[in-house]
There are 4 protein chains.
Amino acid sequence: MKKTIIGVMGPGETATSVDLENAYQLGQLIAKQGWILLTGGRNIGVMEAASQGAKSAEGLTLGILPGATSLGMSEAVDIAIFTNLGNARNIINVLSSDVIIACGMGAGTASEIALGIKQQKTVILLNNNLESQVFFKSLSPDRVYIVETPTEAIETVIYC
Amino acid sequence: MKKTIIGVMGPGETATSVDLENAYQLGQLIAKQGWILLTGGRNIGVMEAASQGAKSAEGLTLGILPGATSLGMSEAVDIAIFTNLGNARNIINVLSSDVIIACGMGAGTASEIALGIKQQKTVILLNNNLESQVFFKSLSPDRVYIVETPTEAIETVIYC
Amino acid sequence: MKKTIIGVMGPGETATSVDLENAYQLGQLIAKQGWILLTGGRNIGVMEAASQGAKSAEGLTLGILPGATSLGMSEAVDIAIFTNLGNARNIINVLSSDVIIACGMGAGTASEIALGIKQQKTVILLNNNLESQVFFKSLSPDRVYIVETPTEAIETVIYC
Amino acid sequence: MKKTIIGVMGPGETATSVDLENAYQLGQLIAKQGWILLTGGRNIGVMEAASQGAKSAEGLTLGILPGATSLGMSEAVDIAIFTNLGNARNIINVLSSDVIIACGMGAGTASEIALGIKQQKTVILLNNNLESQVFFKSLSPDRVYIVETPTEAIETVIYC
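I will try to describe carefully the structure that is included in this document. Since this is a predicted model, take the numbers as computed values, not measurements.

### Let's talk about the overall build of chain A
So, step 1. Counting its secondary structure elements, chain A contains 6 helices and 7 strands.
So, step 2. Secondary structure elements in chain A, listed N-terminal to C-terminal, are β-α-β-α-β-β-α-β-α-β-α-β-α.
So, step 3. Compactness check: chain A gives a C-alpha radius of gyration of 14 Å against a globular reference of 15 Å for 160 residues, within 12% of the reference.
So, step 4. The buried share among the 160 residues of chain A stands at 63%.
So, step 5. Within chain A, contacts between residues separated by at least 24 positions form 57% of all contacts whose residues are at least 6 apart in sequence.
So, step 6. Roughly 5800 Å² of accessible area belongs to chain A as shown, and the carbon and sulfur atoms make up 47% of that amount.
So, step 7. The average position of the 10 basic charges and that of the 14 acidic charges among the side chains of chain A differ by 10 Å.

And the structure:
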C-alpha cells in the first residue's frame, strides 16, 4: 500500500543557517512519524540537511535528482530517482508529495510552491519571507499555511 | 539563424477581461516587430488572445501544448509542439523565450515567472497584482520589470 | 546510502500469460535479494505482476507512474512517484534502475530498452521475441543479455 | 492554422556518410513541399544535415534541443525549442511530427521509432539496417514503411 510521502523543498546554495536547522529538524520529525521524506536529492542546502535529519532518526529518504547520475547527490538519500529533467523535475516533487513543506525561499522553491498550489496540494511555508507569505496566501487562502517552527509544520501536516 | 521568440504567459480559465485585451495587444505588437509569439497554445485565456492578436498582424505563432493532441489547441497556433508533459512543459516555455511577458496572474503563471527568474531570464510583469509585483521584484530586483501597458512591455523588451 | 534498484519493464494490456508468470517470479526474486523493484507502477500487465510478486516476498516496490494521481496505480506499489509525464517517464525508469530487465515485448518496452542502451545500462531480455533479440543485440553486443528464465535473469544481474 | 511538420530523426556522432546525404536530401525535399522540418536541433549528424538541406531550399526549420541553451545547436535551426530534458525530449519530437522519417539507426533513433509506433504515428525507415527493419515491422506491420531513397520517403508521406 502506498506510503505517506512528505516533501521538503527549499534553497540549495542560498539556504540560510536558519533554513538548514529547520530542514534538519523537519527531516527528523518526518522520520519519527514513519513518513518518507522527499527532497530534490542534492548534497547541498535544505535538501542535504533534511535528508541528514531523516537519517539521524532512521527514516527512509527519497531524492528526486535533476541529473542523470549520482554526481552531487546527498549520501543521505536511500532511494534515488534520476530524472535528467533539470527543473522540470519540480513537478514530480510536487505531485509525489502528499503535503509540501517549503523551508526557506528562492526562485526554485517559489516555482514548486506555485505548482503545488496549481495542483491543489496543501503547502506549508516555514520561512521569514513576508513577501512570499503575502503572495502565496493571496493565490490560495485555503491551502497555504504559514508556520513558525518545524514542530508546527508537522502538526499542520497531521491536522490539515 | 535562430529567430527571436517572445513568450506571453498568463491564466487560462481565470483570465480577466483586462488580461485578454492586454494579451491580444501584446500578440499584435510582437508580430509587428517580426518576432515569433510563444504561448502555452491552448484555446483559452491569455494563450488564445495573444495568439489571435499575433495572427491579426500576420505574425507567426508557436504553441507549447500540455497534451499529446490538438484537442483544446488554439486555432491561431501555426506551429504546435505537443509535449504531453502537463505543467512540466512550463520550463520549455521559459527556456525557449528570449524574454517572458507575464500577462495577468495565477498559480501556473507564478510558476513560470519563478522558473524564468531561476533561469536568469528577463521577466516583464503586466498586471495589477501588487502582491506578485512585490514578491517577484524581491526575488530578482534586476531582471524583473513591472509595466502598465502592452506598449511599455514591448519597449522594455527592446531596451532591456 | 543509495539502495540497489532493479527495473522490470514490460507490456501492460498486451502482456502474455508467460510474461505475467515471469514478471511475478522476477518480483519475488528481486525482493529476496533485498533489492528494490522499480516498475511503471500501473495495475496491469508486467507492472502489476512484478509488484505483486515482490510484495509476496515482502520486498519494497517503487512505481514511476505516467499520471498525476493514483488512478490506475497498482495496490502493490509502496512508493509512488507521480510524474504526469506520460511516456516521457520512461527515461526516469531507465536512469533510476541499476539494471533493467525487459520482460515481454511491445513498443513501449522497446523504447525503454533502446534508452537503456543509449544510457549504457545493462539490459536483460527475457522474452521469446527473436526479432527483438537480434535487433537489440546488434545495437549493443556487450551490454544486452538474453536469458530464458527469471532465475537466469537474476544471476545475470549478480554477475554482470 | 497548424502547419504540417515532418520529423527527421537519426544518429548524431555515429551517422554514416550515406545517412548524411540522405538527411540533406530529405531536408531539401521537405522544404520544397512547404512543410516544416523538425529535428533534434544539434549541430551534428542527421540533425545538422537535414536542417542544412532544408535551409538550402529556403524551408523553415524547427529544432527540439536536449539542452537549455544554444550550445551545440545547429546554425540552420530557425525556431529553437530548448527543453533541458535530455532524451526525454524524444517524445516531443515524436508527438509534434505529423510523420516521422528515421534516417539511419542507433539507440536514440530506435527509442524514437518505438515511441512513434506506440503513439500510432506513421514511421518511415530509410536505412540499410535489416535487423531494425524486421523488428519494427513486426511491432507495427501497418504503420511502419521501409523505403530506399529520400524521394520514396517523401512519396510515402504524401500517400500514406
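### Brief notes about the relation of the copies chain B and chain C
So, step 1. Once turned by 180° and shifted 0.0 Å along the axis, chain B lies on chain C with an RMSD of 0.0 Å. Such a combination of rotation and displacement between the chain copies is what one expects of a two-fold axis. When C-alpha positions in chain B are compared against the rotation axis, the closest is assigned to B:L85, at 2.3 Å.
So, step 2. Most of the interface of chain B is mirrored in chain C: 100% of its interface residues are interface residues there too.

### Here's the deal with the sheet that holds strand β3 (residues 61-65) of chain B
Residue and element names in this part refer to chain B.
So, step 1. Taken in spatial order, the 7 strands of this open sheet run β4-β3-β2-β1-β5-β6-β7, and their pairing is parallel. Pairing within the sheet leaves two strands with one partner each, and these edge strands are β4 (79-82) and β7 (144-147). Ignoring which end each strand starts from, the neighbouring axes of this sheet average 20° apart.
So, step 2. As judged from the 3 bridges shared by strand β1 (residues 5-9) and strand β2 (residues 36-39), these two strands associate in the parallel manner. Within β2, the position partnered with I5 by the bridge is I36.

### Remarks on the relation of the copies chain A and chain C
So, step 1. Placing chain A over chain C gives an RMSD of 0.0 Å and needs a rotation angle of 180°, together with 0.0 Å of translation along the axis.
So, step 2. A share of 100% of interface residues in chain A that are also interface residues in chain C marks the association as one of identical surfaces.

### Considerations on the state of the cysteines
Residue and element names in this part refer to chain C.
So, step 1. Scanning the entire structure with this criterion turns up 0 disulfides over all chains.
So, step 2. Note on C103: no disulfide assigned, nearest cysteine sulfur contributed by C160 at a separation of 17 Å.
So, step 3. Under the relative-accessibility criterion, C103 is labelled buried at 0%.

### Notes on the packing of aromatic side chains
So, step 1. According to the stated counting rule, one finds 10 aromatic pairs over all chains in the structure shown.
So, step 2. Ring geometry for A:F135 and B:F135: centres 5.5 Å apart, planes at 20°, overall stacked. Note that A:F135 is positioned in helix α5 (residues 130-139) and B:F135 in helix α5 (residues 130-139), a pairing that runs across two chains.
So, step 3. A:F135 sits in the buried class, given a relative accessible area of 0%.
So, step 4. Note on D:F135 and D:F136: the rings are 5.1 Å apart at their centroids and 50° apart in plane angle, and the pair reads as tilted. Here the two residues D:F135 and D:F136 agree in accessibility, since each one is buried.

### Description of the nonpolar core
Inside soluble globular proteins, nonpolar side chains tend to come together where they are buried.
So, step 1. By size, the foremost hydrophobic cluster in this structure holds 132 residues, and its most contacted members are A:F136, B:F136, C:F136 and D:F136.
So, step 2. Those residues in contact with A:F136 that lie beyond four places of it in its chain are A:M105, A:A110, A:I113, A:A114, A:I117, A:L125, A:V144 and B:F135.
So, step 3. Membership of the second largest hydrophobic core comes to 23 residues, among which are A:I6, A:I30, A:L126 and A:A153.

### Side note on the interface of chain B and chain C
So, step 1. Taken together, the contact pairs 4 residues of chain B with 4 residues of chain C.
So, step 2. Here chain B and chain C share an interface that buries about 250 Å² over both sides, 56% of which is from carbon and sulfur atoms.
So, step 3. Summed over the shared surface of chain B and chain C, the result is 0 salt bridges.
So, step 4. Our count for the chain B to chain C interface comes out at 0 residue pairs in polar contact (both at pLDDT 80 or more).
So, step 5. Considering only residue class, the side of chain B that touches chain C consists of 2 nonpolar, 2 polar and no charged.

### Structural notes on the pairing of strand β3 (residues 61-65) of chain C
Residues and elements named next belong to chain C.
So, step 1. Burial of β3 is extensive: 5 of the 5 residues sit out of reach of the surface.
So, step 2. Burial along β3 is two-sided: the face carrying T61, G63 and L65 and the face carrying L62 and I64 are both buried.
So, step 3. The sheet contact formed by strand β2 (residues 36-39) and β3 spans 3 bridges and is parallel. Bridge pairing in β3 links T39 to G63.
So, step 4. Here 4 bridges tie β3 to strand β4 (residues 79-82), and the two strands are oriented parallel to one another.

### A word on the interface of chain A and chain C
So, step 1. The interface of chain A with chain C comprises 24 residues on the first partner and 24 residues on the second.
So, step 2. With both sides pooled, the region where chain A packs onto chain C buries about 2000 Å², and carbon together with sulfur makes up 69% of that total.
So, step 3. Run the count over chain A and chain C and you get 0 salt bridges.
So, step 4. For the pair chain A and chain C, the number of links is 6 residue pairs in polar contact (both at pLDDT 80 or more).
So, step 5. Of all the secondary structure elements, the ones that give two or more residues to the side of chain A that touches chain C are β3 (61-65), β4 (79-82) and α3 (90-96) of chain A.
So, step 6. Among the residues forming the side of chain A that touches chain C, the class breakdown is 17 nonpolar, 3 polar and 4 charged.

### Some words on the side chain of A:E112
So, step 1. Of note, A:E112 is situated in helix α4 (residues 107-118).
So, step 2. Apart from residues lying up to four places away in sequence, A:E112 is in contact with A:M9, A:N90, A:N93 and A:V94.

Rules behind the numbers
- Residues numbered from 1 in each chain as written.
- Chains lettered and ligands numbered in written order.
- Predicted model: local features only at pLDDT ≥ 70, side-chain atom pairs only at ≥ 80, totals over all residues.
- Heavy atoms only, no water.
- Helix = DSSP H or I, 4+ residues; strand = E, 2+ residues; numbered from the N terminus.
- Rg over C-alpha atoms; globule rule 2.2 N^0.38 Å.
- Buried < 20%, exposed > 50% of the residue type's maximum accessible area, 1.4 Å probe, protein only.
- Contact = heavy atoms within 4.5 Å.
- Areas by Shrake-Rupley, 256 points an atom, 1.4 Å probe, with all protein chains shown as cover.
- Lys, Arg positive; Asp, Glu negative; His and termini not counted.
- Charge placed at Lys NZ, Arg CZ, Asp CG, Glu CD.
- Least-squares fit on C-alpha atoms with pLDDT ≥ 70 in both.
- Pairing = 2+ DSSP bridges.
- Axes fitted to C-alpha atoms, helices over the stretch in contact; angles between N-to-C directions.
- Disulfide = S-S within 2.5 Å.
- Phe/Tyr/Trp six-rings, centres within 6.5 Å; stacked < 30°, edge-to-face > 60°.
- Core = buried A, V, L, I, M, F, W, Y, C linked by side-chain atoms within 4.5 Å.
- Buried area = accessible area lost by both parts, 1.4 Å probe.
- Salt bridge = Lys/Arg side-chain N within 4 Å of Asp/Glu carboxyl O.
- Polar contact = N/O pair within 3.5 Å; in protein donor to acceptor, adjacent residues only side chain to side chain.
- Nonpolar A, V, L, I, M, F, W, Y, C, P; charged D, E, K, R; others polar.

Just distances and angles here, no functional claims.
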